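The primary structure of each chain is shown beneath.
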Amino acid sequence: MSRTRLSFSARVRESLRKTAVSLKRKPHMIPLAVLVVSFLIYSLRLTVISNTTAKLQGAGMGLCGFVTMLFSILGIVSFGNAFPHRKPVNKPMLILMFLLFGAVITADILYMDRVNNALYREVDPIAVTAATQYITDSLSLLKTHIIVIAAGLLLTALLPVYSPMIRRINTSVRVEENTEMGTIDISGEEE
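The sections below set out a description of the structure shown in this document. (Residues numbered from 1 in each chain as written. Predicted model: local features only at pLDDT ≥ 70, side-chain atom pairs only at ≥ 80, totals over all residues. Heavy atoms only, no water.)

A look at the overall build of the protein
Point 1. Of regular secondary structure, the protein possesses 7 helices and 0 strands.
Point 2. Along its sequence from the N terminus, the protein presents helices and strands in the succession α-α-α-α-α-α-α.
Point 3. A compact globule built from 191 residues would reach a C-alpha radius of gyration of about 16 Å, whereas the protein, at 26 Å, exceeds it by more than 25%.
Point 4. For the protein, with 191 residues in total, the buried portion stands at 32%.
Point 5. Carbon and sulfur atoms form 62% of the exposed surface of the protein, whose accessible area is close to 12900 Å².
Point 6. Charge-centre separation for the protein: the mean point of 20 positive side chains lies 11 Å from the mean point of 13 negative side chains. (Helix = DSSP H or I, 4+ residues; strand = E, 2+ residues; numbered from the N terminus. Rg over C-alpha atoms; globule rule 2.2 N^0.38 Å. Buried < 20%, exposed > 50% of the residue type's maximum accessible area, 1.4 Å probe, protein only. Areas by Shrake-Rupley, 256 points an atom, 1.4 Å probe, with all protein chains shown as cover. Lys, Arg positive; Asp, Glu negative; His and termini not counted. Charge placed at Lys NZ, Arg CZ, Asp CG, Glu CD.)

Points about the environment of P31
Point 1. Along the chain, P31 falls in helix α2 (residues 29-43).
Point 2. Separated by 118 residues in the primary sequence, P31 and I149 have C-alpha atoms spaced 9.5 Å apart.
Point 3. Excluding residues within four positions of it along the chain, P31 makes contact with F79, G152, L155, T156, L159 and Y162. (Contact = heavy atoms within 4.5 Å.)

Description of the pattern of salt bridges
Point 1. This model, assessed by the stated rule, comprises 2 salt bridges.
Point 2. We note a salt bridge from R17 to E14, for which the minimum N-O separation is 2.9 Å. With R17 and E14 both in helix α1 (residues 8-25), this residue pair falls 3 residues apart, about one helical turn.
Point 3. Overall, E14 belongs to the partly exposed group, its relative accessible area being 25%. (Salt bridge = Lys/Arg side-chain N within 4 Å of Asp/Glu carboxyl O.)

Quick word on the packing of α2 against helix α4 (residues 61-82)
Point 1. Contact pair α2 / α4: the axes reach a minimum separation of 10 Å and the direction vectors enclose 160°. Taken together, the axis directions place α2 and α4 in an arrangement best described as roughly antiparallel. Our pair here, α2 against α4, has a crossing hand that is left-handed. Judged by residue contacts, P31, L32, L35, V36, F39, Y42 and S43 of α2 engage G65, T68, M69, S72, I73, I76 and F79 from α4.
Point 2. Class assignment for the residues of the contact of α2 with α4 results in 10 nonpolar, 4 polar and no charged. (Axes fitted to C-alpha atoms, helices over the stretch in contact; angles between N-to-C directions. Parallel < 35°, antiparallel > 145°, perpendicular 65-115°, else oblique. Left-handed = near helix turned anticlockwise from the far one by under 90°. Nonpolar A, V, L, I, M, F, W, Y, C, P; charged D, E, K, R; others polar.)

Looking at a nonpolar patch on the surface
Point 1. A cluster of nonpolar residues, L63, F66, L70 and L74, forms a patch on the protein surface that exposes about 380 Å² of accessible area.
Point 2. Take L74: it is sitting in helix α4.
Point 3. Residue L74 is classed as partly exposed on the basis of its relative accessible area of 37%. (Patch = residues over 30% accessible without salt bridge, like charges linked within 9 Å, V, L, I, M, F, W, Y side chains within 5 Å.)

What follows is the structure, given as C-alpha cells:
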C-alpha cells in the first residue's frame, strides 16, 4: 500500500512502531532525552537567572550559573561518548558524566542558598515585588532543573534494569498471506 493511501491511524501506529524499534536498539536515548530536556529547561529561562544574579549580586552566583551551563553541556557530551555505537559502555565517560551532573546539582543548590540568604537575611532583606518576581521564579526554575536532572541520572543508573524489558516489546509487522498466487515453477523449463 502506498504511503498516501494509509489512514492517519495507520501512519501513527507505524510511527510508534518505528520509535519502539529505535528505542530497542538504543535504550540509552531515553535518559539522554531527559538530560537534554533539563538543559533546555535551564538555558531557555536563563534570563531569570541572569536578572536574579544582577539584582542580588551574591558571592559566587555568577560562577554557579556558569558552572551549570558549562557542565550541563559537557555532561551531555560525556553521555554521548559513554554509549558508543555497537561497543560496550565507556565506563570512565559514564563516571565523568555523573560527576559533571553532580556538580551541576551542587551549583544549583548553592545558587538557591544565595537567593534564600538574600531574601531572608536580618539586615536589609530583598523584597520580592511584581517587578522582581523573577527572583522567586529562579528558585522554582532551579528546583525543577534539579528534579529533571535527578530523573535523568536515575534513568541512566537503571538502564540495565529496563533495557531488557524494552527489548522484549514485539515490533514485528504482520504481513498478510497472499493465497491467490499460483504454483511457482522453479524448474527453469519454459513451456
